[in-house]
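A structural walkthrough
The residues making up each chain are set out below.
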Amino acid sequence: MTRTQDVGSSQPIVVRQMDFDFPDDIDPVVVAGNPEESYLLIGLSLLLPHLEPYLIRTMKEAKKLVRNEKLIDDLERFSAQEGQHYRQHMRFNDAIRLQGFPELASLEKSLSEDYKRFSKTRSLRFNLAYAEGFEALTTASARFSFERPTDQETLPAVSELFSWHMLEELEHRTVAFDIYDHVCGGYFYRIVAGLYAQWHMSRFIGRVRKYMIEADPAAIERCGGKEGMRARRRAASPELRKKFLPKLLKTYLPSYTPHDIPFEAELQEMATRYSAAAHSTR
Ligand SMILES: [Fe+2]
Ligand SMILES: [Fe+2]
């Protein structure tokens, strides 16, 4: 199915060049008192320099088939934003690697091989549906993270990195959806391949989290041991169930479109703030 009307982002997609710094002696427990959430953020950050270049390669292939100037502009801005994202995450990841955790390298190597294989051997339709699976998940996650009460203390540079990234994910939330629809389309295929994508990414993040928990038992002990972990999981569950899950489940409905998700005034203020903090914007 090819739609040429009502496509394209209504939100400006601003490419900002940022410059985040992370200390060489960074404590991997970047969310104070919460190693498992810290490691989840680290898992996501380690995923991105493999995943986002794959998204860019996919978009480059798709561009050859796009026949709509607004969509081409969106696609180029999407890729430019993703290119900035993974470069900044690499800085954070390099600081984390200085703290040890030698097995992370083999987890990353296997992930990197997966993405190279997908680009080489899977159809453009699969790769675009994978991209939208990631984008739908990050859109739901970004909306949840901005709504969430901020009683947890996160290292400021890490908090800023993720806020900037999540904001830009919301700015370009319609692009992968529109490009998939324009180039190949198909609801069921998008959902099935998108679910696979979400499983594939979550598996990597889960492996990183598990490994880091096992590799540094002292960090867990400092934060209440296994009982502390259970208590934090219990405390987080109602919020995840009530505020995150409905947002994610909606993305699986046939009626879902990221065009219906508003970009509220607070997000616009944040966008202005990050544009002002950027080295350059375009
Ligand atoms: Fe991104
Ligand atoms: Fe994205």
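Structure report, in brief.

Scoring rules and cut-offs
Residues numbered from 1 in each chain as written. Chains lettered and ligands numbered in written order. Predicted model: local features only at pLDDT ≥ 70, side-chain atom pairs only at ≥ 80, totals over all residues. Heavy atoms only, no water. Salt bridge = Lys/Arg side-chain N within 4 Å of Asp/Glu carboxyl O. Donors = N, O, S within 2.8 Å, 3.2 Å for Na, K, Ca; no water. Tetrahedral: all angles 85-135°; square planar, octahedral: opposite > 155°, others 65-115°. Helix = DSSP H or I, 4+ residues; strand = E, 2+ residues; numbered from the N terminus. Buried < 20%, exposed > 50% of the residue type's maximum accessible area, 1.4 Å probe, protein only. Contact = heavy atoms within 4.5 Å. Polar contact = N/O pair within 3.5 Å; in protein donor to acceptor, adjacent residues only side chain to side chain. Lys, Arg positive; Asp, Glu negative; His and termini not counted. Core = buried A, V, L, I, M, F, W, Y, C linked by side-chain atoms within 4.5 Å. Phe/Tyr/Trp six-rings, centres within 6.5 Å; stacked < 30°, edge-to-face > 60°. Lys NZ or Arg CZ within 6 Å of the ring centre and 35° of its normal.

1. Some words on the pattern of salt bridges
Per the counting criterion, the structure on display carries 18 salt bridges. When salt bridges with common partners are traced through the structure, they connect Arg16, Glu168 and Glu171 into a single cluster.

2. Some remarks on the coordination of the iron ion (ligand 2)
Ideal coordination angles are 109.5 degrees for a metal with four donors arranged tetrahedrally and 90 or 180 degrees for a metal with six donors arranged octahedrally. Within the first shell, the iron ion (ligand 2) binds the protein through Glu82 (OE), Glu135 (OE), Glu135 (OE), Glu169 (OE), Glu169 (OE) and His172 (NE2), at distances of 2.0 to 2.6 Å. Coordination at the iron ion (ligand 2) comes from six donor atoms whose angles at the metal span 53 to 148°, giving a geometry best classed as irregular. Positions of the donor residues of the iron ion (ligand 2), expressed as sequence spacing, correspond to E-x52-E-x33-E-x2-H. Separating the iron ion (ligand 2) from the iron ion (ligand 1) is a gap of 3.9 Å, which Glu82 spans by donating to each of them. You can see Glu135 sitting in helix 4 (residues 124-147) and its partner His172 sitting in the loop between helix 5 (156-171) and helix 6 (175-183), a full 37 residues away along the chain.

3. Regarding the environment of Arg232
Structurally, the position occupied by Arg232 is in helix 9 (residues 225-250). A residue is classified by how much of its surface remains accessible, and Arg232, at 19% relative accessible area, is buried. Along the chain, Arg232 and Gly43 lie 189 residues apart, while their C-alpha atoms are 19 Å from each other. Contact partners of Arg232, with chain neighbours within four places excluded, come to Gly33, Asn34, Pro35, Glu36 and Cys223. Polar side-chain contacts of Arg232 include one of 2.8 Å to the backbone oxygen of Cys223.

4. Here we look at the side chain of Glu132
Note that Glu132 resides in helix 4. It is Arg190 that comes nearest to the buried, bridge-free Glu132 among opposite-charge side chains, at 4.6 Å. Beyond its immediate sequence surroundings of up to four residues, Glu132 is in contact with Ala176, Phe177, Arg190 and Tyr256.

5. Things to note about the coordination of the iron ion (ligand 1)
The coordination sphere of the iron ion (ligand 1) contains the protein donors Glu52 (OE), Glu82 (OE), His85 (ND1), His165 (NE2) and Glu169 (OE), at a distance range of 2.0 to 2.2 Å. Mapping the donors of the iron ion (ligand 1) onto the primary sequence yields the spacing E-x29-E-x2-H-x79-H-x3-E. Owing to a relative accessible area of 0%, His85 belongs among the buried residues under this scheme. Using a relative accessible area of 0% as the deciding quantity, one classes Glu169 as buried.

6. Some thoughts on the nonpolar core
Judged by nonpolar contacts, the single largest core of 73 residues is most densely connected at Leu51, Phe92, Tyr115, Tyr130, Ile179, Met201 and Met212. Sorting elements by how many residues they give to this core places helix 1 (residues 35-63) first, with 11 residues. The contacts of Tyr130, once residues within four sequence positions are left out, are Leu51, Tyr54, Tyr115, Phe118, Tyr196, Ala197, His200 and Met201.

7. Section: the packing of aromatic side chains
Throughout the structure, instances matching the rule amount to 18 aromatic pairs. Look at Phe118 and Tyr130: their rings are 5.8 Å apart centre to centre, the planes differ by 50°, and that puts the pair in the tilted class. Note that Phe118 is positioned in helix 3 (residues 104-121) and Tyr130 in helix 4, a separation of 12 residues in sequence. Accessibility assignment for this pair places Phe118 and Tyr130 in one class, buried. Ring centres of Phe126 and Tyr130 lie 6.2 Å apart, and the angle between their planes is 55°; on these two criteria the pair is classed as tilted. Of this pair, Phe126 and Tyr130 both sit in helix 4, four residues apart, roughly one helical turn. Of the two residues, Phe126 and Tyr130, neither departs from the other in class, the shared state being buried. Each member of the aromatic cluster is reached from another via a ring pair, and the members are Tyr54, Tyr115, Phe118, Phe126, Tyr130, Tyr196 and Trp199. Its end group placed over the ring of Tyr189, Arg125 keeps NZ or CZ at 4.4 Å from the ring centre. Over the ring of Tyr274 we find Arg273; its NZ or CZ atom is 4.7 Å from the centre of that ring.

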